[in-house]
Amino acid sequence: VPMGLFRVCLLVITAIVNHPLFFPKENGTVLENTEEIIQKMKEREESLRLEQLRLEQEIADQEATQKALEKAAVVVEERKEEKVRWDMWTTLSMVIFLLIELWRQDFQEGNWQDIGGEEDDMAVLGKAFKGVAFPDKAVLASFYEKRILGTTGDMARMREMVEGFADDLLEALRSVCNRDADMEVEDCMGVGSMYENWRVRKPFVCDLIVPFAPPEPYCFRCQTWCSGDSFPPDEQGYGTIKVCRADEDATGCICDKTKLGEDMLCLLHSQVSSTRPSSEMEDLLCFKNTQYLDSDQVMKWFQIAVTKAWNRISHKYEFDLSFSLLDSPGALKIKFKSGKSIAFNLTPVVQYENSDVYFISHFPRSSLAADIPSSTHWFLTFAVYERRFIQLVSKTLPANACHVSCLQILSFLHGKQCSLTGPSGLTNYHLKTVLLHLLQARPSQDWAPEKLEARLQDMLKFLEKCLHEKKLYHFFIGNGKVPGELGFPIIFQRAEPLNLFRPFVLRRDLYRKMVDTFHEMLRNMSALINEYTVHIPLAHTNGIRKESL
């Protein structure tokens, strides 16, 4: 029995050991695993190939981007080099342009010299002088003595009489005005040709300016075209005058520009001071609904005040006073019982800060301010400084210098020509501006009395050049060489030069009339002078020429 059990157990163990589920065939297992591994390897190879393609594409993209960046850098560098070269040429061109412009301005402001001497003056004159017979020194001396020299005494007597009457009239004006509401009038000042001793044509007319100021607590705040704010080209030479309270900031409080609520109050201004009725500003001669002084309102007020003043003192004088010209509100005329009359201009002005530059409401007998932009624009006059400059320069000139004589002769010729062919755009102020430029440009010895002929030719030559270029610059505005003794405001010296001929650039008809009048004056010069010249013997003329040589 034990042996039988042993055999049965051995048989069971052998069967178990040889069962295929426990020990599969080794070859079959290897085959199945190999196919699976090969399949995975193919998949891996495919994924690696795709990854390689992706990496190659990225590398190619990076190389392309790098090349594009390098190319862009090259282009930028080239552009920088071109810009540097262009900036260099631009800078060089600007420097050359500025040098030319500075030279041109100096040349146009009168910094030019004759290159041929006095005997060659006629040779260098322009085309307008071809065929013109210029009077010699003897004829000019006789003409000046006969026609012009005798008028000096008459001007002095007339100035004295007009100034005395104007002072009395203004004193009466102050007495009839309300000191608490009306403008405060100061003493008058004489300006212009009568006070610079070069007026030659009758009737003699004195020009007096009368500064005025607003009543307390108001003041004037003046603004010019060169004070920083932009002004159009046609408003150069003008300014505006704002009427403000003395304790008000120049720019004004924000309560004047913003609508505050009914329950809000400005802490700086009370309700009374912050709201100004329009009637109050109109009483202060301002333009309607503004704070800007109106020149038309000023002239109406001044005419009424002068009329009241004359009514108060008329009993003291044995003559009548009336307004002579409708287009010149300050033009007055004294009429004597004998039939004679004396004309003078009394024009209100506003002082610019603490200088002797004034805002003038109207220019009597002048086209300088014919096209004023509006009644709130005031033209600036430098007449006081012009008079001072002539007086200052006269002290450095030789005795009996010919500068005033040149202006007198030229003004006489121009006036005679205008009486023949009608008025033109050329005025006596233009002629005086030419003289001021030449007085600054030429040395003092060139204005000796025996050089009258040469200096008169210089003035005509300078004027011809200005007419040809349509440029005659104001003497003071933009002139950095004004003598410091005059105390001239620096703001006007640093301003852009003001071309007095600018209105003629756009008005070709007026420009042509002005040029034609100048040419006609040159052609008629000898005839006009000889008409007022006594006969001079030939031997006397030759003797004068020998002495001058």
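- In the nomenclature of an unreviewed UniProt entry, the protein corresponds to Inositol 1,4,5-trisphosphate receptor-interacting protein from the organism Orthonyx spaldingii.
- Per UniProt, the comment on the protein under Function (unreviewed entry) is "Enhances Ca(2+)-mediated inhibition of inositol 1,4,5-triphosphate receptor (ITPR) Ca(2+) release."
- You can read under Sequence similarities (unreviewed entry) in the UniProt record for the protein the words "Belongs to the ITPRIP family."

**Overview of the pattern of salt bridges**
Consideration 1: Throughout the structure, instances matching the rule amount to 17 salt bridges.
Consideration 2: One salt bridge in this structure joins Lys-40 and Glu-36, with 3.5 Å as the shortest N-O distance. Of this pair, Lys-40 and Glu-36 are both found in helix α2 (residues 26–108), four residues apart, which corresponds to roughly one turn of the helix.
Consideration 3: Owing to a relative accessible area of 42%, Glu-36 belongs among the partly exposed residues under this scheme.
Consideration 4: Taking the shortest distance from any N to any O, the salt bridge between Lys-316 and Asp-168 comes out at 3.0 Å. Of this pair, Lys-316 sits in the loop between α9 (295–313) and β6 (319–323) while Asp-168 sits in helix α5 (residues 152–176), placing them 148 residues apart in sequence.

**Description of the confidence of the model for the protein**
Consideration 1: Confidence in the prediction of the protein, expressed as mean pLDDT, is 79, and 77% of residues score 70 or more.
Consideration 2: Model confidence for the protein, summarised as mean pLDDT per element, is weakest for helix α3 (residues 121–124) at 37 and strongest for helix α10 (residues 383–394) at 96.
Consideration 3: Counting interchain partners and residues more than four positions distant, the pLDDT-below-50 stretch residues 535–549 has nine contacts.

**Topic: the side chain of Arg-174**
Consideration 1: Along the chain, the position of Arg-174 falls in helix α5.
Consideration 2: By relative accessible area, which is 19% here, Arg-174 ends up buried.

**Quick look at helix α16 (residues 508–523)**
Consideration 1: For α16, with 16 residues, the first-to-last C-alpha span of 22 Å sits near the 22 Å given by 1.5 Å per residue.
Consideration 2: Restricting attention to buried positions, one finds in α16 the residues Tyr-511, Met-514, Val-515, Thr-517, Phe-518, Met-521 and Leu-522. Looking straight down α16, one finds that the buried residues subtend no more than 155° of arc, so they occupy a single side. Residues Arg-508, Asp-509 and Arg-523 are exposed on α16 and point more than 90 degrees away from its buried face.
Consideration 3: Among the structural elements, α11 (403–421), α13 (452–469), α15 (502–506) and α17 (525–531) are those in contact with the buried residues of α16.

**A short note on the environment of Lys-337**
Consideration 1: Tracing the backbone shows Lys-337 in the loop between β7 (331–336) and β8 (341–351).
Consideration 2: Here the alpha-carbon distance between Lys-337 and Glu-318, two residues 19 residues apart in the chain, equals 7.5 Å.

**What to know about the pairing of strand β10 (residues 378–381)**
Consideration 1: Burial along β10 is two-sided: the residues Trp-378 and Leu-380 and Phe-379 and Thr-381 are all buried.
Consideration 2: Here two bridges tie strand β5 (residues 238–245) to β10, and the two strands are oriented antiparallel to one another. Looking at β10, one finds that Tyr-238 is bridged to Phe-379.

**Brief notes about the packing of α11 against helix α12 (residues 428–441)**
Consideration 1: At a closest axis distance of 10 Å, the pairing of α11 and α12 adopts a crossing angle of 155°. By the angle class used here, α11 and α12 are roughly antiparallel. The crossing of α11 and α12 is right-handed. Touching His-403, Leu-407, Leu-410, Ser-411 and His-414 of α11 are Asn-428, Leu-431, Lys-432, Leu-435 and Leu-439, all from α12.
Consideration 2: In terms of residue class, the contact of α11 with α12 is built from five nonpolar, four polar and one charged.

**Thoughts on the packing of aromatic side chains**
Consideration 1: This model, assessed by the stated rule, comprises 27 aromatic pairs.
Consideration 2: Seen from their ring centres, Tyr-238 and Phe-379 are 5.1 Å apart, and the 85° between their planes marks the pair as edge-to-face. Within this pair, whereas Tyr-238 is found in strand β5, its partner Phe-379 is found in strand β10, the two being separated by 141 residues in sequence.
Consideration 3: A residue is classified by how much of its surface remains accessible, and Tyr-238, at 5% relative accessible area, is buried.
Consideration 4: A centroid spacing of 6.0 Å and a plane angle of 55° characterise the contact between Trp-301 and Phe-302, whose relative ring orientation is tilted. In this structure, Trp-301 and Phe-302 share a single accessibility class: buried.
Consideration 5: Members of the aromatic cluster, connected to one another through ring pairs, are Trp-225, Tyr-352, Phe-359, Phe-382, Tyr-385, Phe-389, Phe-475, Phe-476, Phe-488 and Phe-492.
Consideration 6: Taking NZ or CZ as reference, Arg-388 lies 5.7 Å from the ring centre of Tyr-385, over its face.

**Examining the pairing of β8**
Consideration 1: Counting buried positions along β8 gives nine out of eleven residues, so the element sits mostly inside the fold.
Consideration 2: Pairing of strand β3 (residues 205–213) with β8, which is carried by seven bridges, proceeds in the parallel orientation. Its bridge partner being in β8, Val-210 is matched across the sheet by Pro-348.
Consideration 3: The pairing of β7 with β8 spans five bridges and is antiparallel. Considered in β8, the bridge of Lys-335 is made with Ser-341.
Consideration 4: The antiparallel pairing of β7 with β8 creates a hairpin that spans four residues between the two strands, and Gly-339 there sits at a positive phi of about 105°.
Consideration 5: Here β8 runs beside strand β9 (residues 358–360); their pairing, made up of three bridges, is antiparallel.

**Overview of α11**
Consideration 1: The end-to-end C-alpha distance of α11, which contains 19 residues, comes to 27 Å, matching closely the 27 Å that a straight helix rising 1.5 Å per residue would cover.
Consideration 2: Burial within α11 is extensive, with 16 of its 19 residues counted as buried.

**Concerning unusual backbone geometry**
Consideration 1: Residues Lys-202 and Pro-203 are joined by a peptide bond in cis, for which omega reads 5°.
Consideration 2: Cis rather than trans, the peptide bond between Glu-216 and Pro-217 has omega equal to 10°.
Consideration 3: Topologically, Pro-217 is positioned in the loop between β3 and β4 (218–224).
Consideration 4: Its identity is not glycine, yet Asn-197 carries a phi of approximately 65°, on the positive side.
Consideration 5: Structurally, the position occupied by Asn-197 is in the loop between α6 (193–196) and β3.
Consideration 6: A positive phi is found at Lys-470, a non-glycine position, where the angle reads about 55°.

Each value, and the rule that gives it
- Residues numbered from 1 in each chain as written.
- Predicted model: local features only at pLDDT ≥ 70, side-chain atom pairs only at ≥ 80, totals over all residues.
- Heavy atoms only, no water.
- UniProt positions renumbered as here; feature names shortened; annotations may be inferred.
- Salt bridge = Lys/Arg side-chain N within 4 Å of Asp/Glu carboxyl O.
- Helix = DSSP H or I, 4+ residues; strand = E, 2+ residues; numbered from the N terminus.
- Buried < 20%, exposed > 50% of the residue type's maximum accessible area, 1.4 Å probe, protein only.
- pLDDT = per-residue confidence, 0-100.
- Contact = heavy atoms within 4.5 Å.
- Expected span 1.5 Å × (residues − 1).
- Arc of directions from axis to C-beta.
- Pairing = 2+ DSSP bridges.
- Axes fitted to C-alpha atoms, helices over the stretch in contact; angles between N-to-C directions.
- Parallel < 35°, antiparallel > 145°, perpendicular 65-115°, else oblique.
- Left-handed = near helix turned anticlockwise from the far one by under 90°.
- Nonpolar A, V, L, I, M, F, W, Y, C, P; charged D, E, K, R; others polar.
- Phe/Tyr/Trp six-rings, centres within 6.5 Å; stacked < 30°, edge-to-face > 60°.
- Lys NZ or Arg CZ within 6 Å of the ring centre and 35° of its normal.

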